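Architecture and fold: a report
If you want the building blocks of each chain, they are given just below.
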Amino acid sequence: MAETLRLNFKYYEQDGLSRIGHLNTWKRRIMTPVIWFGLSVIENYNFQYEALTVNEVECFLCNAYDLLFQDKNGERKKLVRNLSEKIALKCDSGGFQTMTRNVKISVDQVYSLQCELGCDLAVQLDFPLNPLANKEANKKRIYQTLKNLERIIEINEKLSILPVIHGYDKDTLNFAIKGVIDILGEDPPAIGIGSLVPLLMTSKGAGKVGGKKKVIDTLIYLRQKLPDTFLHVFGAGGTMAYLIIFCGADSFDFTGWIQKAGHGVIQLPGISDRFISNRKKRKALNRKEMETFLECVCPACRSNKIADFKGRSERARLLRAIHNIYVYQTEIWRIRRFIREGCFREFVFSRLKNSVWKSLLKYADRQLVNLGVYSSKCEKIDNFIKDKNVEL
Ligand SMILES: [Zn+2]
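Residues numbered from 1 in each chain as written. Predicted model: local features only at pLDDT ≥ 70, side-chain atom pairs only at ≥ 80, totals over all residues. Heavy atoms only, no water.

1. Some remarks on the coordination of the zinc ion
Put simply, the ideal angle at a metal is 109.5 degrees for four donors in tetrahedral geometry and 90 or 180 degrees for six donors in octahedral geometry. Looking at the zinc ion, the protein donor atoms are C296 (SG), C298 (SG), C301 (SG) and H323 (ND1), and they sit 2.1 to 2.3 Å from it. Motif for the zinc ion, donor spacing along one chain: C-x1-C-x2-C-x21-H. Taken together, the residues C296 in the loop between helix 12 (287–295) and helix 13 (314–340) and H323 in helix 13 connect sequence positions 27 residues apart. Considered together, C296 and H323 belong to a single accessibility category, that of buried residues. (Donors = N, O, S within 2.8 Å, 3.2 Å for Na, K, Ca; no water. Helix = DSSP H or I, 4+ residues; strand = E, 2+ residues; numbered from the N terminus. Buried < 20%, exposed > 50% of the residue type's maximum accessible area, 1.4 Å probe, protein only.)

Right under this line is the structure:
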């Protein structure tokens, strides 16, 4: 076990850049690829506890900023404690929230909360970059983030620490990675990449730094630069998850499930947000999607009518949340199977064939072909699937 961070990572199956592995923390072994479900300030204790536990979710995350500044009656801290008895917990620092809300928080403060919770993975307090700021200003933030890494290692006695890096270009990424290696004295066994969320918001992303393609480029670059390192992507769940795993990520967060369920969204594998019925500009499930929904055997669908999923009542919101979590958790189990069988590339194309992400997938695939990760362009997916006799 790497002494400084008290964790290690080993992958034992690889397909393209995607792989299956084990992250060993001080507390337990976590299988990858892995999805971490975020908690929310919107729904209450019982709602979140039930939605996560009935689904046998493997991992969840909380946020130190939330627990220190927003959780006035301590309800969420109790939720975190009780969930973490069954489910692996990552405690994010809340660096992003403290910066945007101009709140001062120290490494020691965050670390002491992480110790109190006994989280599986403690995220180092970091300073996310601003895509619109100049390079020098962003380098200053990276320097502060590195200082924090030094400090948490100095005070850490028992937790597994996930170092965080940021960067929108190779220069900045290299600067951040070199800083981490200098502190650890070796390649990091695990790393989290932040600051990518603004790039995902629009097709062009934020200003000069580029949009979604930049996320693809960054992940492929990191995967090659640190081939043995566990790579976590902060905040990139949903349909993007297929793409980031395709580009070599081992781990990602999914924090939008409560808001989506609240808004009436029903999720299905590889299909973006749908609603049960057409209203205003909402896109309803079409006939084929409704069939897929009817086939669902999640804990909510098993014993409820489709009509029960409609409306704004707490029960309807909870059923939608349970269903949506099930879709994402079981999809991770499926993704591991396809990686193990060596046909993850075909699986991703199949999942995203009608998705708005398809052109981005083609871009990612082209990069991987150019790098020699795959030998040919993925034009004959249907034939390949027939050859392998794989049902998707
Ligand atoms: Zn369901």
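Moving on from the model shown.
2. Comments concerning the sheet that holds strand 8 (residues 161–162)
If you trace the nine strands from one edge of the open sheet to the other, you get 8-7-6-5-4-12-11-10-9, paired in parallel fashion. The open sheet has two free edges, formed respectively by strand 8 and strand 9 (164–165), since each of these has just one partner strand. Where strand 4 (residues 34–38) and strand 5 (residues 59–63) come together, two bridges link them in parallel fashion. In the sheet register, F37 faces strand 5, and the bridge partner there is F60. The sheet contacts of helix 9 (residues 212–225) involve strand 9, strand 10 (190–193) and strand 11 (230–233), and relative to strand 11 the element is tilted by about 160°. (Pairing = 2+ DSSP bridges. Contact = heavy atoms within 4.5 Å. Axes fitted to C-alpha atoms, helices over the stretch in contact; angles between N-to-C directions.)

3. A word on the pairing of strand 5
When you tally the buried positions in strand 5, you get five out of five residues, the bulk of the element. Burial of the side chains of strand 5 extends over both faces: C59, L61 and N63 are buried on one face and F60 and C62 on the other. What joins strand 4 to strand 5 is helix 1 (residues 45–53), and the crossover it makes is right-handed. (Right-handed = clockwise from strand over helix to strand, strands pointing away.)

4. Here we look at the domain arrangement of the protein chain
Assigned domains within the protein chain: domain 1 (8–255), domain 2 (260–333) and domain 3 (343–388). With both sides pooled, the region where domain 1 packs onto domain 3 buries about 1700 Å², and carbon together with sulfur makes up 82% of that total. It is Y242, L243 and F246 in domain 1 that bury the most area against domain 3; as a group they hold 39% of the surface buried on that side. Counting across the domain 1 and domain 3 interface gives zero salt bridges. Here domain 1 is connected to domain 3 by three residue pairs in polar contact (both at pLDDT 80 or more). Sorting elements by how many residues they give to the side of domain 1 that touches domain 3 places helix 9 first, with six residues. (Domains from an automatic or database assignment. Buried area = accessible area lost by both parts, 1.4 Å probe. Salt bridge = Lys/Arg side-chain N within 4 Å of Asp/Glu carboxyl O. Polar contact = N/O pair within 3.5 Å; in protein donor to acceptor, adjacent residues only side chain to side chain.)

5. Comments concerning the packing of helix 14 (residues 344–351) against helix 15 (residues 358–370)
Between helix 14 and helix 15, the least distance of the axes is 11 Å, while the angle of their chain directions is 160°. The pairing of helix 14 with helix 15 is recorded here as roughly antiparallel in orientation. Considering only the axes of helix 14 and helix 15, their crossing is left-handed. Side by side, helix 14 and helix 15 meet where R345, V348 and F349 of the first sit next to L361, K362, D365 and V369 of the second. Partitioning the contact of helix 14 with helix 15 into residue classes produces four nonpolar, no polar and three charged. (Parallel < 35°, antiparallel > 145°, perpendicular 65-115°, else oblique. Left-handed = near helix turned anticlockwise from the far one by under 90°. Nonpolar A, V, L, I, M, F, W, Y, C, P; charged D, E, K, R; others polar.)

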